[in-house]
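Secondary and tertiary structure notes
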Amino acid sequence: MPKARTFLLPLLVLLAPAQAAEVSIHVTRDGDTFRVDATAELEGTRARTWQVLTDYGRIAEFVRDVRTSRVLSRDGNQVIVEQKGEARVLFFSFPIDVRLAVTEYPYERVVSRIVSGNFREMLGTYTLGAVQGRILLRYTGRMVPDFFVPPFIGTLALRHNVETTFRALVTEIERRQAPPPGQ
């Protein structure tokens, strides 16, 4: 038995995944206004994290509730992005159809605001920081849908959508940070 433990312990250590990101999501509602605060602490570099944050054309590949995401125009650090998808929970779904004006502050923050779509207001900011050699990714947002959102289910749907989207983003960042197989 001691020999088996001696063999299995190092094997389990090798098979265990790297320390996954610590994710925290908070959504509050005041009338029609939703406020979002999401954070993740993960291994990696600012450059790779930035690469995923600004990969607007591929977001639909790794965020389940986004059907399409495409860059309509780019002028320096100013980008117009169109995104379509839905927020879902249980049997309910709410459409997401927005055109965002995005301002990039390389390796520090990405700020977006709605210019058209089915939200009266949508402001969001991703910020990048560092904590003890790890990346600290934070998203803060303020959203006012231009469609009816039932009180309890709507808040639950938005929280679920934010969590799904944020976790998918973090998972993609971690995936791209990982060394290629065989290294």
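Parameters and conventions
Residues numbered from 1 in each chain as written. Predicted model: local features only at pLDDT ≥ 70, side-chain atom pairs only at ≥ 80, totals over all residues. Heavy atoms only, no water. Helix = DSSP H or I, 4+ residues; strand = E, 2+ residues; numbered from the N terminus. Buried < 20%, exposed > 50% of the residue type's maximum accessible area, 1.4 Å probe, protein only. Contact = heavy atoms within 4.5 Å. Areas by Shrake-Rupley, 256 points an atom, 1.4 Å probe, with all protein chains shown as cover.

1. Concerning the overall build of the protein
When helices and strands are tallied, the protein shows four helices and eight strands. By residue count, 40% of the 183 residues in the protein fall in the buried class. Within the protein, residue pairs in contact and separated by at least 24 positions form 51% of the contacts whose partners lie at least 6 positions apart. Of the roughly 10900 Å² of accessible surface on the protein, a fraction of 57% belongs to carbon and sulfur atoms.

2. Let's talk about unusual backbone geometry
When glycine is set aside, most residues are seen to have a negative phi, and most peptide bonds are trans. The phi angle at Tyr107 is positive, at roughly 65°, despite the residue not being glycine. Locating Tyr107 in the fold gives a position in the loop between strand E5 (92-105) and strand E6 (109-117). On the basis of relative accessibility, which here comes to 40%, the residue Tyr107 falls in the partly exposed class. Of note, the phi angle at Gln132 is positive, near 45°, even though the residue is not glycine. Tracing the backbone through its elements, the reader meets Gln132 in the loop between strand E7 (119-131) and strand E8 (134-145).

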